Amino acid sequence: MKQLSPATTPPPSGLRAALRHEDDKQAWVDWLFSRVARRYDLGNDIMSLGWHTRWKERLIERAAPQPGEHVLDLACGTGDVTLKIAPRVAPGVVVGTDINPQMMACARGKPAPGSGSVRWVGADATYLPFADGSFDLVTCAYAGRGFPDWPATLREVHRVLRPGGRFLNLDFARPPSPAWDRAYRGWMIVSGAVLGTVLHKNPKTYVYIPMSMGAYPGQRWLDARMREIGFDTRLEETLGCLMAYNIGLKAP
Ligand SMILES: C[S@@+](CC[C@H](N)C(=O)[O-])C[C@H]1O[C@@H](n2cnc3c(N)ncnc32)[C@H](O)[C@@H]1O
């Protein structure tokens, strides 16, 4: 199993170049989230004007976690989705997992309703340390774009789900209109640079979001990869195709 990456200094390659290479990309992502961890929730609230909570709640509504289920929240970050799922699955378990120790430290430090149902496990999404068929449901919010190898992670998700298990992924979407896509990412580059400077004294921190979106083939590509791996899929594009829910069902 791969070792978890420690917090690093930013890799020497620029962000744009790093997004094209698996190892450099992970090193950038590790550096970035180590740097923003303590103010990650605040940054999300400001960037989305509080709406990220609503989008995550919609993810959980669609996932419909049931009492007694075993759920994996992949790349859980500071634990937003994990902690919302916890009271719904008791006496089952939700496992929040992430590669970044600083992000996980923030998650562990939060008061947890239904906390008896929460476990925190540091892990790389490319090599999940769980047995085949051990989860009823896997969720993932705003993280897939940053994975060095999304298809490898999808295979892991498929492996750890039981037959009939479901996978729900929420992320920014790539709008099919190139003009709308460019305008949206352009706005995020400008607002992200301002927010990164104010919150973290580094404009690059939030510019990662639109840059990684630019390097991401998008929700329709992800839907096709999920089908190749064996999921029955459904794709919901919302907010003028700025946000997408990729939903997959593993064959029973
Ligand atoms: C934008 S945050 C999303 C956090 C959380 N899911 C949320 O919605 O607030 C992306 C997360 O993906 C994690 N991540 C990036 N690469 C990863 C990998 N290879 N394995 C596991 N987690 C990873 C980062 O450490 C970070 O916490």
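The shown structure was predicted, so the numbers you read here are calculated from the model rather than taken from an experiment. (Residues numbered from 1 in each chain as written. Predicted model: local features only at pLDDT ≥ 70, side-chain atom pairs only at ≥ 80, totals over all residues.)

**Brief notes about the overall build of the chain**
Part 1 of the argument: A count of helical and extended segments in the chain gives 10 helices and 7 strands.
Part 2 of the argument: Taking 2.2 N^0.38 as the reference for a compact globule, 252 residues should give roughly 18 Å; the C-alpha atoms of the chain span a radius of gyration of 17 Å, in line with that estimate.
Part 3 of the argument: Its C-alpha atoms put the chain at 45 × 40 × 35 Å along the principal axes.
Part 4 of the argument: Residue pairs at least 24 apart in sequence account for 65% of intrachain contacts in the chain once pairs closer than 6 positions are excluded. (Helix = DSSP H or I, 4+ residues; strand = E, 2+ residues; numbered from the N terminus. Rg over C-alpha atoms; globule rule 2.2 N^0.38 Å. Contact = placed C-beta atoms within 7 Å.)

**With respect to the nonpolar core**
Part 1 of the argument: Within the largest apolar cluster, 65 residues are counted, with the highest numbers of intra-cluster contacts made by L59, L74 and V138.
Part 2 of the argument: In terms of residue count, the dominant contributor to this core is helix α2 (residues 22-36) (7 residues).
Part 3 of the argument: Not counting residues up to four positions away in its chain, the partners in contact with L74 are T97, A125, V138, T139, C140, A143 and V157. (Core = buried A, V, L, I, M, F, W, Y, C linked by C-beta atoms within 7 Å. Buried ≥ 20, exposed ≤ 12 C-beta atoms within 10 Å, placed from the backbone.)

**Points about unusual backbone geometry**
Part 1 of the argument: In the segment running from A90 into P91, the intervening peptide bond is cis, with an omega of 5°.
Part 2 of the argument: Looking at the element boundaries, P91 is found in the loop between α5 (80-89) and β2 (93-98).
Part 3 of the argument: Positive phi, normally seen in glycine, also occurs at A64, with a value near 50°.
Part 4 of the argument: On the secondary structure map, A64 appears in the loop between α4 (51-63) and β1 (70-74).
Part 5 of the argument: Residues other than glycine seldom take positive phi values, yet A75 does so here, at roughly 50°.
Part 6 of the argument: With respect to the helices and strands, A75 occurs in the loop between β1 and α5.

**A word on the site of the ligand**
Part 1 of the argument: The environment of the ligand is made up of 20 residues, and the closest members are A75, G77, N100, A125 and A141.
Part 2 of the argument: Counting only elements with at least two residues in the shell around the ligand, the list comes to α2 and α5. (Near = placed C-beta within 6 Å.)

**Overview of the pairing of β2**
Part 1 of the argument: Counting buried residues along β2, 5 of its 6 residues qualify, which places the element largely inside the surrounding structure.
Part 2 of the argument: Pairing of β1 with β2, which is carried by 5 bridges, proceeds in the parallel orientation. Each bridged residue has a counterpart across the sheet, and for H70 the counterpart in β2 is V93.
Part 3 of the argument: Each parallel crossover has a hand, and for β1 linked through α5 to β2 it is right-handed.
Part 4 of the argument: Here 5 bridges tie β2 to strand β3 (residues 118-122), and the two strands are oriented parallel to one another. Across the sheet, the residue bridging to V95 is R119, located in β3. (Pairing = 2+ DSSP bridges. Right-handed = clockwise from strand over helix to strand, strands pointing away.)

**Observations regarding the sheet that holds strand β6 (residues 231-238)**
Part 1 of the argument: Pairing is mixed across the open sheet formed by 7 strands, whose spatial order is β3-β2-β1-β4-β5-β7-β6. Single-partner strands in this sheet number two, and they are β3 and β6. If you compare each strand with its neighbour and ignore which way they point, the axes differ by 15° on average.
Part 2 of the argument: Looking at chain direction, β6 and strand β7 (residues 243-250) are connected through 8 bridges and run antiparallel. Residue pairing for β7: L235 is matched across the bridge by N246.
Part 3 of the argument: Contacting β1, β2, β3 and β4 (135-141), α5 crosses the sheet at an angle of about 165° to β2. (Axes fitted to C-alpha atoms, helices over the stretch in contact; angles between N-to-C directions.)

**Re the environment of L161**
Part 1 of the argument: Structurally, L161 can be placed in strand β5 (residues 161-172).
Part 2 of the argument: What makes L161 buried here is the crowd of 23 C-beta atoms within 10 Å.
Part 3 of the argument: Separated by 90 residues in sequence, L161 and V71 place their C-alpha atoms 9.2 Å apart.

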